[in-house]
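Inside the fold
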Amino acid sequence: MGAGAKSSVVRVPKAGELVAASLRRRIITGELKVGDPLPNEATLMEQFGVSRPTLREAFRILESEAIITVLRGAHGGARVLAPDSSSAARYAGLLLQYQGVPLVDVYRARASLEVTAVGMLADGSRAAELDTFEALVDAGADLVDDPEAFARHDVDVHQALIDLAGNQTLAVLAGMLVHIIDAHNALFIAAHGTDDGGQPAARAAHRAYLRLLGLMRSGDVIAAQEYWRKHMDLLEQYMIGDSAATLVEVLN
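Across soluble globular proteins, you tend to see nonpolar side chains buried next to one another. One finds Phe133, Leu161, Met216 and Trp228 to be the most contacted residues of the largest nonpolar core, which totals 44 residues. It is helix 5 (residues 103–121) that contributes the most residues to this core, nine residues altogether. Excluding its chain neighbours within four sequence positions, the residues that come into contact with Phe133 are Val157, Ala160, Leu161, Leu164, Tyr209, Leu213 and Met216. Counting residues in each nonpolar core, the second largest holds 18 residues, with Leu23, Ile67, Val70 and Val80 among its members.

Given below as structure tokens:
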């Protein structure tokens, strides 16, 4: 093969991967529903024409993707789980860790997603969604004196902005960042304690939610997005400052 020529070798999937792909398709298309047991091993071995080790390799693949769970013992077997963002988040986190991504990168990615969502919520067609957001914000008024509880509430508020915008792809992407932000919040509180320093920050955050809500209800998309962008920049500075921390330090 000459220099620079591309390889034409095609990797043939292993039998276990092919079985996993077939079962995966049946799960995500709804043929197999959440909670359903998979057929027993003997049935699946006959159906796919594979050995028990090959079938169990397929099960291990699907377990690693968290779309089945395998219970051992006399009453065991494989059951279907609902796909969620946790598996995607886990793999995304590993990739970002491997690349040495700084924590600030994650905060800025979340900010970009949220500013986009704010624009969607402020377009004048989301009154019901804004009512839901207002109820969530109001629930946080009683948490401002409890930094740990408010930190959890804060994660919920930021995720709600994305979820209520109605774009499922944005919601999934944001959900992948939640566990990273939440892990950093826990470290931040552990490092700074729960002294009075946390209360002013929580109160300021609560006021920011209320201000944002007012701007979104007014239908001023540009003002709402500009305000939230500035708020997210300030949040980044408060939570990270000049730190060069990477995700390895946060997630490990």
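Our focus in this paragraph is empty space enclosed by the protein. The full count for this structure, using the stated rule, is two cavities of 30 Å³ or more. Estimated volume of the largest cavity: approximately 90 Å³. In terms of lining, the largest cavity is formed by Arg110, Glu114, Val155, His158, Gln159, Ile162, Ala174, Leu177, Val178 and Ile181. Contributions of two or more residues to the lining of the largest cavity are made by helix 5, helix 7 (147–164) and helix 8 (168–192). Approximately 40 Å³ is the volume found for the second largest cavity. Around the second largest cavity, the lining residues are Tyr107, Arg108, Arg110, Ala111, Met232, Asp233 and Glu236. Every element with two or more residues in the lining of the second largest cavity is listed here: helix 5 and helix 10 (221–239). With four residues, the top contributor of residues to the lining of the second largest cavity is helix 5. Looking at the lining of the second largest cavity residue by residue, the classes come out as three nonpolar, no polar and four charged.

Conventions used here
- Residues numbered from 1 in each chain as written.
- Predicted model: local features only at pLDDT ≥ 70, side-chain atom pairs only at ≥ 80, totals over all residues.
- Heavy atoms only, no water.
- Core = buried A, V, L, I, M, F, W, Y, C linked by side-chain atoms within 4.5 Å.
- Buried < 20%, exposed > 50% of the residue type's maximum accessible area, 1.4 Å probe, protein only.
- Helix = DSSP H or I, 4+ residues; strand = E, 2+ residues; numbered from the N terminus.
- Contact = heavy atoms within 4.5 Å.
- 1 Å grid on protein atoms, 1.4 Å probe; cavity = no way out; pocket = protein on both sides within 12 Å on 5 of 7 lines; lining within 4 Å.
- Points joined across faces, edges and corners; volume = space filled by probe spheres on them.
- Nonpolar A, V, L, I, M, F, W, Y, C, P; charged D, E, K, R; others polar.

That's the geometry; what it means functionally is another story.
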